[in-house]
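# Analysis of the macromolecular model
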Amino acid sequence: MSMNQSNNQIIKKNLLIICRGAGDLATGIIHRLHRAGHRVIALETDYPAAIRRQVSFCEAVYDGSAAVEGVTARLVPALTDAETDTETYSGINDTPAAHIASEKWDSSAIEAVLEAGEVPLLIDPKGESIALLKPDVVVDAIIAKKNLGTTINMAPLVIGVGPGFTAGHDVHLVIESMRGHNLARIITDGMAQHNTGVPGNIAGFTSERVIHAPAAGYIHDVRKIGDIVQKGDEIARIYPDKESYDNALSEYVPVNATITGIIRGLIREGYYFRKGFKIADIDPRESELSNCFTISDKARSIAGSVLEAVSAFEHGVKIY
């Protein structure tokens, strides 16, 4: 079905799906829907904090584009951004808000990315573009453990991933995100399991494989994603202020590997965070290097259920 672009709407070929979030789990969903032939638009915050950056479309916010397993997401700046010379960002998130999302986007620019077979990515943390673009489906895969503004009337089908949503109330369907027997189950009534705060078990390791910031500050990455490290190795440094970071002064807090393994995730160079923020992830399976650069089993499972729900909706099969 075609729509009048003069009204700032996107031509609909197959379903138009908007995914709120473009971190690693959301990327798995976006990738699956795109590969299935749907036209998918991703929405992100202005300073995303993914640690599994090699498999997260949100990196396009900083680099202009991001490719994951043969699919490319491309940043489409808001109209106010298009008038600036800023195309890529350092990752240091205290710069002037030159690329904060505005209320309007150029639909022709979004359409051009879609027609090129890519995924448009908009900086739109509040989801303001949803009313503008009128998608058939909205998927909230921010994974914030709470609802950040998604409502059931945003689209004919609204799906929430993980805890924070209630099927039949603020979304039509919920997808379970907790590892275990019910992972990726489609919930038609009620909520997903509450967040336990304990990461999934990999080779016998849970909490110890995830590293949280021992101090607030700006990060300098000493090692990179894919590096094999020993327990106790320094993988990053946290500088307390911008001056210390810019000049690599001696005042810093070291970040050490908590287990031996491969660095699967590491937050972007120069990112500022609070103490306790998740900044790295180590996979104890040293033979699984390729896992650092491919969509995870968890993301693929969740993506499959989202695609199932979308396909049922597309073919008029009511599952809620």
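In the annotation of an unreviewed UniProt entry, the entry for the chain reads EF2563 family selenium-dependent molybdenum hydroxylase system protein, and the organism field reads Agathobacter rectalis.

### Considerations on the nonpolar core
Across soluble globular proteins, nonpolar side chains have a tendency to be buried as a group. One finds I29, V139, I159 and V306 to be the most contacted residues of the largest nonpolar core, which totals 42 residues. With seven residues, helix 7 (residues 297–314) is the single largest residue contributor to this core. Setting aside anything within four residues of it in sequence, one finds V306 in contact with I29, L33, V139, I159 and I175.

### So, the sheet that holds strand 11 (residues 217–221)
In spatial order, the strands read 14-13-11-16; together these four strands make up an open sheet with antiparallel pairing. With one partner strand each, in any of the chains shown, strand 14 (253–256) and strand 16 (272–273) form the two edges of the open sheet. Pairing between strand 13 (residues 234–239) and strand 14: four bridges, direction antiparallel. Directly across from E234, in strand 14, lies its bridge partner N256.

### As for the sheet that holds strand 12 (residues 228–229)
Reading across from one edge, 10-17-15-12 is the order of the four strands in this open sheet, with antiparallel pairing throughout. Since the sheet does not close on itself, it has two edges, and those belong to strand 10 (210–212) and strand 12, each with one partner.

### Observations regarding the packing of aromatic side chains
Evaluated as defined, the whole model comprises six aromatic pairs. Look at Y218 and Y272: their rings are 4.9 Å apart centre to centre, the planes differ by 55°, and that puts the pair in the tilted class. You can see Y218 sitting in strand 11 and its partner Y272 sitting in strand 16, a full 54 residues away along the chain. When its relative accessible area of 8% is taken as the criterion, Y218 is described as buried. Centre to centre, the rings of F273 and F277 are 6.2 Å apart; their planes meet at 0°, and the pair counts as stacked. Since its relative accessible area comes to 23%, F277 is described here as partly exposed. One Lys or Arg, K318, reaches over the ring of Y320 and ends 4.4 Å from the middle of that ring.

### Remarks on the packing of helix 1 (residues 24–35) against helix 7
Relative to each other, helix 1 and helix 7 sit at 45°, their axes nearing to 8 Å. Considering their axes alone, helix 1 and helix 7 lie oblique with respect to each other. For helix 1 against helix 7, the interelement crossing comes out right-handed. Of the residues in helix 7, those touching helix 1 at D24, L25, G28, I29, R32 and L33 are K298, A299, R300, I302, A303, G304, V306, L307 and V310. Its residues assigned to classes, the contact of helix 1 with helix 7 shows nine nonpolar, two polar and four charged.

### Some thoughts on the pattern of salt bridges
A side chain of one charge can pair with a side chain of the opposite charge when the charged atoms of the two come close. Following the criterion strictly, the structure yields 16 salt bridges and no others. One salt bridge in this structure joins E115 and R39, with 3.3 Å as the shortest N-O distance. Taken as a pair, E115 in helix 4 (residues 107–115) and R39 in strand 2 (residues 39–44) lie far apart in primary sequence, 76 residues in all. For E115, a relative accessible area of 45% translates into the label partly exposed. Among the residues examined, R39 registers a relative accessible area of 8% and is labelled buried. By sharing partners, the salt bridges in this structure join R53, E59, D63 and R268 into a single network.

### A closer look at the pairing of strand 11
Of all the five residues making up strand 11, four are buried; the element is thus mostly covered by neighbouring parts of the structure. In this sheet, strand 16 lies alongside strand 11 in antiparallel orientation, the contact comprising two bridges. Bridged to Y218 within strand 16 is Y272.

### Let's talk about helix 4
Among all positions of helix 4, only S107, I110, E111, V113 and L114 are buried. Angular distribution of buried residues about the axis of helix 4 spans 160°; they occupy a single face of the element. Contacts made by the buried residues of helix 4 are with strand 2, strand 4 (71–75), strand 5 (119–123) and helix 5 (129–133). G117 lies just past helix 4 and shows a positive phi near 80°.

### Topic: the confidence of the model for the chain
In the predicted model, the chain carries a mean pLDDT of 89, and the fraction of residues at 70 or more is 88%. Every residue in residues 1–6 is under pLDDT 50, and counting partners more than four places away or in other chains gives 13 contacts.

### Concerning the side chain of E176
For E176, the position within the fold is in the loop between strand 8 (173–175) and strand 9 (186–187). We note that E176 is buried and unpaired, the nearest opposite charge coming from R185 at a distance of 7.6 Å. In this structure the side chain of E176 is engaged in a polar contact, spanning 2.9 Å, whose partner is the backbone nitrogen of M178. Among the polar contacts made by the side chain of E176, one reaches the main-chain amide nitrogen of Q193 at a distance of 2.9 Å. Among residues more than four places away in sequence, those in contact with E176 are N182, L183, A184, R185, I187, A192, Q193 and I302.

Conventions used here
Residues numbered from 1 in each chain as written. Predicted model: local features only at pLDDT ≥ 70, side-chain atom pairs only at ≥ 80, totals over all residues. Heavy atoms only, no water. Core = buried A, V, L, I, M, F, W, Y, C linked by side-chain atoms within 4.5 Å. Buried < 20%, exposed > 50% of the residue type's maximum accessible area, 1.4 Å probe, protein only. Helix = DSSP H or I, 4+ residues; strand = E, 2+ residues; numbered from the N terminus. Contact = heavy atoms within 4.5 Å. Pairing = 2+ DSSP bridges. Phe/Tyr/Trp six-rings, centres within 6.5 Å; stacked < 30°, edge-to-face > 60°. Lys NZ or Arg CZ within 6 Å of the ring centre and 35° of its normal. Axes fitted to C-alpha atoms, helices over the stretch in contact; angles between N-to-C directions. Parallel < 35°, antiparallel > 145°, perpendicular 65-115°, else oblique. Left-handed = near helix turned anticlockwise from the far one by under 90°. Nonpolar A, V, L, I, M, F, W, Y, C, P; charged D, E, K, R; others polar. Salt bridge = Lys/Arg side-chain N within 4 Å of Asp/Glu carboxyl O. Arc of directions from axis to C-beta. pLDDT = per-residue confidence, 0-100. Lys, Arg positive; Asp, Glu negative; His and termini not counted. Polar contact = N/O pair within 3.5 Å; in protein donor to acceptor, adjacent residues only side chain to side chain.

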